Amino acid sequence: MRIFISAGEPSGDLHGGNLARALRQTDPGIECVGFGGACMETAGCRLLYPLAGLAVMGVLRVLQSAHKFLALLLEADRYFRLQKPDAVVLIDYPGFHWWLARRAHAHGVPVFYFVPPQIWAWAGWRVRKMRALVDHVLCSLPFEEAWYRERGVAAHYLGHPYFDELAQQRFDRAFVDQEQARSGTIVGLLPGSRTQEVVHNLPTLVRAAGRIHERRPETRFLVACYKPHHLDYVSRYLGFHHAPYVEPCTGHTPEIIHLAKACIAVSGSVGLELLYQGKPSVVLYRTDSFTRRVIAFFKKSRYISLVNLLAEKELFPEFLTDRCEAEAVSGHIVRWLMDEKAYEDVVRELGKLRSQVAEPGACGRVARYILDALHQRPAGRRDRAAA
């Protein structure tokens with residue numbers, strides 16, 4: 001059996017790797033192939049292209065990369081036509097994945113959408129594409145299943161795969177001990193995994209850190225850099241703006257969240273890690289004014305943070321903006337540093353939410369679901385796919 005998996009960003013690559021591992025644990029004879037990144041490759045998935053390294057955000061950046069996406073679509077179409085995989089599994093990354101689903105559908109290959117895009121939040125009309133092009137929507141958030149089913153889509157809630165990774169997480173004890181031996185209260189700065197996110201959001205993070213430091217001089221800040229070139233960029237920025245109380249680190253995001261009293265985070269799946277570790281946080285997403293207007297036009301949900309969406313209220317103060325919100329962001333952090341009751345109230349709410357939604361094992365459940373669904377396909381359809 002051959003499963004084609006496609007992930008277009010680092011978080012999707014992580015989930016794709018865990019899914020490939022779970023599939024092969026369930027059936028060692030399965031071959032996994034597709035588009036992704038290092039996590040999928042390490043898990044034994046044969047990469048046709050490192051799509052996770054191409055992750056782009058914003059309308060203009062996507063248009064600039066259109067020729068690359070077209071070439072990949074043609075390569076995938078050729079693969080579906082000649083190799084006839086038993087299934088295509090798409091992980092988030094809407095836009096390109098709609099086209100990939102269309103080509104798989106045209107070749108009679110069943111399509112599974114794992115961690116589906118949050119179209120209920122910003123593009124509800126696209127449910128028609130989901131209904132027409134995707135055979136199985138494997139929901140990662142509990143309220144998604146009912147939303148899709150009400151609109152005629154075959155959806156099943158199997159849990160969020162990020163909790164699989166978090167349940168296996170182990171801290172670098174040397175790093176933790178080293179930081180705990182130093183004085184000062186730590187605030188974590190999490191600028192995101194995409195270079196665009198780092199560039200757009202770092203100025204707000206550093207200015208907010210400066211305002212917090214003015215009011216609480218004992219506070220120091222650790223920046224969680226996802227990649228070495230992010231570390232270089234952040235280091236140069238800090239050197240130019242002279243912020244000695246801010247220290248960049250790479251490869252230590254879990255440890256920084258663990259050490260921090262509170263965090264300022266760019267919106268993304270890291271919110272689930274902040275929930276898992278019970279860390280009060282401010283969520284930020286700063287972009288250019290054009291993209292901000294586009295998002296505002298399409299956005300339907302009340303919140304951008306996954307934690308707030310799950311809680312159905314604002315546990316994490318959040319800012320979707322095209323300007324610097326350092327003053328407002330820093331105000332929330334200072335309040336938590338100075339008002340222990342307000343801080344503990346958020347910690348308690350996060351603990352309650354975690355007990356409700358943070359169940360590990362999603363990748364194993366998804367692997368079993370996919371294989372069961374394929375084994376239950378009508379014999380004629382299986383034979384055509386194998387022809």
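Now for a look at the structure at hand.

The number of helices and strands found in the protein chain is 20 helices and 13 strands. Principal axes of the C-alpha set define a box for the protein chain whose edges measure 70 × 40 × 40 Å. Buried positions account for 53% of the 387 residues belonging to the protein chain. Restricting the contact set of the protein chain to residue pairs at least 6 apart, pairs at least 24 apart contribute 66%. About 16,900 Å² of surface is accessible on the protein chain, with carbon and sulfur atoms providing 52% of the total. Charge centroids of the protein chain, computed over 49 positive and 40 negative side chains, lie 6 Å from each other.

A separate point is the sheet that holds strand β9 (residues 219-225). Overall, parallel pairing links the six strands, which are arranged β10-β9-β8-β11-β12-β13 in an open sheet. Each edge of the open sheet carries a strand with a single partner, namely β10 (246-250) and β13 (318-321). Strand-to-strand, the axes of this sheet are offset by a mean angle of 20°, without reference to chain direction. In the sheet, β9 pairs with β10 via five bridges, with the strands oriented parallel. Bridge pairing links L222 to E247 in β10.

The biggest cluster of nonpolar side chains holds 105 residues, and the ones touching the most others in it are F96, L100, M130, Y148, L189, L190 and I333. In terms of residues, this core owes the most to one element, helix α11 (residues 195-215), which gives seven residues. With 28 residues, the next largest nonpolar core counts C32, V115, L138 and C363 among its residues.

As a further point, take the pattern of salt bridges. A full pass over the atoms with the stated rule returns 21 salt bridges. Note that R182 is salt-bridged to E179, the shortest N-O span being 3.2 Å. What makes R182 partly exposed here is its relative accessible area of 36%. Judged by relative accessible area, which is 3%, E179 ranks as buried. Among the ionic pairs, R365 bridges to E359, the shortest N-O distance being 3.8 Å. Look at R365 and you get partly exposed, because its relative accessible area is 23%. By relative accessible area, E359 is classed as exposed at 52%. When salt bridges with common partners are traced through the structure, they connect E179, R182, R220 and E247 into a single cluster.

A large share of strand β12 (residues 281-286) lies buried, amounting to six of its six residues. Taking every second residue as pointing to the same face, both faces of β12 are buried, with S281, V283 and Y285 on one and V282, L284 and R286 on the other. The parallel pair strand β11 (residues 262-266) and β12 is bridged by helix α14 (residues 270-276), and the resulting crossover is right-handed. Pairing of β12 with β13 involves four bridges; the strand directions are parallel. In the strand pairing of β13, V283 is matched with E318.

Okay, the side chain of Q277 next. Among the structural elements, Q277 can be located in the loop between α14 and β12. Using a relative accessible area of 18% as the deciding quantity, one classes Q277 as buried. Those residues in contact with Q277 that sit more than four places away from it in its chain are Q169, F171, P254, I257 and H258.

Tallying each qualifying case throughout the model produces twelve aromatic pairs. Aromatic pair F4 and F35: ring centres 5.4 Å apart, planes at 80°, arrangement edge-to-face. Of this pair, F4 sits in strand β1 (residues 2-7) while F35 sits in strand β2 (residues 31-35), and the two are 31 residues apart along the sequence. The exposure class of F4 is buried, given its relative accessible area of 0%. According to the relative accessible area criterion, F35 is buried, its value standing at 0%.

Pairing within the open sheet is parallel, and its seven strands lie in the order β3-β2-β1-β4-β5-β6-β7. Every interior strand has two partners, whereas the edge strands, β3 (46-49) and β7 (155-157), have only one. Going from strand to strand, the sheet's axes swing by 20° on average, the running direction of each strand aside. One ladder, built from three bridges, connects strand β5 (residues 111-114) with strand β6 (residues 136-139); its direction is parallel. Paired with F114 across the bridge in β6 is L138. Its contacts with the sheet put helix α1 (residues 10-26) on β1, β2, β4 (87-91) and β5, and the angle it makes with β1 is roughly 165°.

Another aspect to go through is the packing of α11 against helix α17 (residues 326-338). Relative orientation of the contacting elements α11 and α17 amounts to 45°, with a least axis distance of 8 Å. The orientation of α11 relative to α17 falls into the category oblique. For α11 against α17, the interelement crossing comes out right-handed. Residues T204, R207, A208, R211, I212 and R215 of α11 pack against A326, E327, V329, S330, I333, V334, L337 and M338 of α17. A breakdown of the residues in the contact of α11 with α17 according to their chemical character gives eight nonpolar, two polar and four charged.

What counts, and at which threshold
Residues numbered from 1 in each chain as written. Predicted model: local features only at pLDDT ≥ 70, side-chain atom pairs only at ≥ 80, totals over all residues. Heavy atoms only, no water. Helix = DSSP H or I, 4+ residues; strand = E, 2+ residues; numbered from the N terminus. Buried < 20%, exposed > 50% of the residue type's maximum accessible area, 1.4 Å probe, protein only. Contact = heavy atoms within 4.5 Å. Areas by Shrake-Rupley, 256 points an atom, 1.4 Å probe, with all protein chains shown as cover. Lys, Arg positive; Asp, Glu negative; His and termini not counted. Charge placed at Lys NZ, Arg CZ, Asp CG, Glu CD. Pairing = 2+ DSSP bridges. Axes fitted to C-alpha atoms, helices over the stretch in contact; angles between N-to-C directions. Core = buried A, V, L, I, M, F, W, Y, C linked by side-chain atoms within 4.5 Å. Salt bridge = Lys/Arg side-chain N within 4 Å of Asp/Glu carboxyl O. Right-handed = clockwise from strand over helix to strand, strands pointing away. Phe/Tyr/Trp six-rings, centres within 6.5 Å; stacked < 30°, edge-to-face > 60°. Parallel < 35°, antiparallel > 145°, perpendicular 65-115°, else oblique. Left-handed = near helix turned anticlockwise from the far one by under 90°. Nonpolar A, V, L, I, M, F, W, Y, C, P; charged D, E, K, R; others polar.

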